[in-house]
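Report on the structure
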Amino acid sequence: HESTVCCDYLVKERGVCPTKIIKETSSYDTIGNAYFSLVIHALPLGWRSVVAVTSAFHLPRAAACFDWVYGSCDSSPALRYHSVPDEGMSPRALEARIGREKESAQALVRNAREILTLKEINLWLHQKHRCYAVARQEEWNEPTEADKLELETY
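The structure reproduced in this document is the subject of the present report. (Residues numbered from 1 in each chain as written. Predicted model: local features only at pLDDT ≥ 70, side-chain atom pairs only at ≥ 80, totals over all residues. Heavy atoms only, no water.)

**Looking at the overall build of the protein**
Threshold: Segments assigned H or I by DSSP are reported as helices when at least four residues long, segments assigned E as strands when at least two residues long, and all are numbered from the N terminus. Radius of gyration here uses only the C-alpha atoms, and the compact-globule reference equals 2.2 Å multiplied by the residue count raised to the power 0.38. For every residue, the accessible area obtained with a 1.4 Å probe (protein chains only) is divided by the maximum for its type, and the residue is called buried under 20%, exposed over 50%, and partly exposed between those limits. Here the accessible surface of atoms and residues is derived via Shrake-Rupley with a 1.4 Å probe, and residues count as covered only by protein chains that are part of the display.
The secondary structure content of the protein amounts to six helices and two strands. Computed over C-alpha atoms, the radius of gyration of the protein comes to 16 Å, within 12% of the 15 Å expected from 2.2 N^0.38 for 154 residues, which places it in the range of a compact globule. Seen through its principal axes, the protein has C-alpha atoms that stretch 40 × 40 × 25 Å. Taking all 154 residues of the protein together, 37% fall into the buried category. Per element, the accessible surface of the protein, about 9900 Å² overall, is 53% carbon and sulfur.

**A few points about the packing of aromatic side chains**
For clarity, the threshold we go by: Only rings of Phe, Tyr and Trp enter the pairing, Trp through its six-membered ring, and a pair is recorded when the two centres are within 6.5 Å. The plane angle decides the type: under 30 degrees is stacked, over 60 is edge-to-face, the rest tilted.
Tallied over the full model, the rule gives five aromatic pairs. Judged by centre distance (5.5 Å) and plane angle (45°), the rings of Tyr28 and Tyr132 are tilted. You can see Tyr28 sitting in the loop between helix H1 (2-13) and helix H2 (30-45) and its partner Tyr132 sitting in the loop between helix H5 (118-127) and helix H6 (148-151), a full 104 residues away along the chain. Aromatic side chains Tyr35 and Phe36 sit 5.1 Å apart centroid to centroid with 80° between the ring planes, which places their arrangement in the edge-to-face category. The same class applies to Tyr35 and to Phe36, which are both buried. Put simply, the rings of Tyr28, Tyr35, Phe36 and Tyr132 pair up and form one aromatic cluster.

**Here's the deal with a nonpolar patch on the surface**
Quick note on the threshold: Every patch collects residues that have over 30% relative accessible area and no salt bridge, joining them within 9 Å if they carry like charges and within 5 Å if they are nonpolar side chains (Val, Leu, Ile, Met, Phe, Trp, Tyr). A pair is scored as a salt bridge if a Lys or Arg side-chain nitrogen falls within 4 Å of a carboxyl oxygen belonging to Asp or Glu.
On the surface, a nonpolar cluster with roughly 270 Å² of combined accessible area is contributed by Ile22, Leu45 and Trp47. Looking at where Ile22 falls in the secondary structure, it is placed in the loop between H1 and H2.

**Re the nonpolar core**
Quick note on the threshold: For the purposes of this section, nonpolar cores are sets of buried Ala, Val, Leu, Ile, Met, Phe, Trp, Tyr and Cys residues that join through side-chain atoms within 4.5 Å.
Core analysis: the largest hydrophobic core is formed by 22 residues, its most contacted members being Ile31, Tyr35, Leu38, Trp68, Val69, Tyr70 and Leu125. Of all elements in the fold, only H2, strand E1 (49-55), helix H3 (59-71) and H5 reach the threshold of two or more residues within this core. A total of six residues in this core trace back to one element, the largest contributor, which is H2.

**Here we look at the side chain of Ser76**
Quick reminder of the rule: We call two N or O atoms a polar contact when they sit within 3.5 Å, provided that within protein one can donate a hydrogen and the other can accept it, with sequence-adjacent residues counted only if both atoms are side-chain atoms. Residues count as neighbours in contact if any of their non-hydrogen atoms are within 4.5 Å of one another.
In this fold, Ser76 is placed in the loop between H3 and strand E2 (78-84). Residue class for Ser76 comes out buried when judged on its relative accessible area of 18%. Within the structure, the side chain of Ser76 is placed 2.6 Å from the backbone oxygen of Tyr70, a separation counted as a polar contact. The residues contacting Ser76, other than those within four sequence positions of it, are Leu38, Leu43 and Tyr70.

**Brief notes about the pairing of E2**
Every regular strand shows the same layout, with side chains that alternate between the two sheet faces. Cut-off, in case you're wondering: For two strands to be treated as a pair, DSSP must find at least two bridges joining them. Crossovers are described as right-handed under a simple rule: with the strands pointing away from the observer, the path leading from the first strand over the helix to the second runs clockwise.
Sheet topology note: the E1/E2 ladder contains seven bridges and is parallel. Residue pairing for E2: Ser49 is matched across the bridge by Ala78. Handedness of the β-α-β unit built from E1, H3 and E2 comes out right-handed.

**Describing the environment of Ala62**
By the element assignment, Ala62 lies in helix H3. On the basis of relative accessible area, Ala62 is assigned to the buried category, the value being 5%. With 59 residues separating them along the chain, Ala62 and Ile121 place their C-alpha atoms 16 Å apart. The contacts of Ala62, once residues within four sequence positions are left out, are Thr30 and Thr54.

**Describing the packing of H2 against H3**
Our working definition: Axes here refer to lines fitted to C-alpha atoms; in helices the fit is confined to the stretch in contact. Angles between the N-to-C directions go from 0 to 180 degrees. Geometric relationships in this document are graded by angle, where less than 35 degrees denotes roughly parallel, more than 145 denotes roughly antiparallel, 65 to 115 denotes roughly perpendicular, and other angles denote oblique. Rotating anticlockwise by less than a right angle from the far helix to the near helix defines a left-handed crossing, while the corresponding clockwise rotation defines a right-handed one. Three classes are used: nonpolar for Ala, Val, Leu, Ile, Met, Phe, Trp, Tyr, Cys and Pro, charged for Asp, Glu, Lys and Arg, and polar for all others, with Gly counted as polar.
Contact geometry for H2 and H3: axes closest at 8 Å, N-to-C directions at 40°. Comparing the axis directions of H2 and H3 gives the class oblique. Between H2 and H3 the crossing geometry is right-handed. Contact with H2, carried on its side by Thr30, Ile31, Asn33, Ala34, Tyr35, Ser37, Leu38 and Ala42, involves Arg61, Ala62, Cys65, Phe66, Trp68, Val69 and Tyr70 of H3 and no other residues of that element. Residue composition of the contact of H2 with H3, grouped by class: eleven nonpolar, three polar and one charged.

What follows is the structure in structure tokens.
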């Protein structure tokens, strides 16, 4: 899981104490990151603020996801964002991924206009979203929508 890799980096490379890190391991995508970080950690633990960290190319869509999900709940903590440099991929792959991010952001905006409350997000996530809806779990064996260049960025 990507959160495990990130935690390993923070502990081994940056010297962060492991007891100061809480992982979110329930998600398969960015919307899931936002939803599960809110309902598993932020709300039950009464956090006042959350910092979402992601790559520069991903930050606009990630911020839109977190703003949508956290904005659906009056008791959500404040959000801040931090981007890290887009490294480790070819310029062509980065360009392809930026295009994919824009397409995904448009779909997100459409959903956010219609799905407004945390309850509605929960129902949509678990009844309609490809990654979480049991009715769509057979689609996990189908190829991803991402092309080969975009896949280099994961």
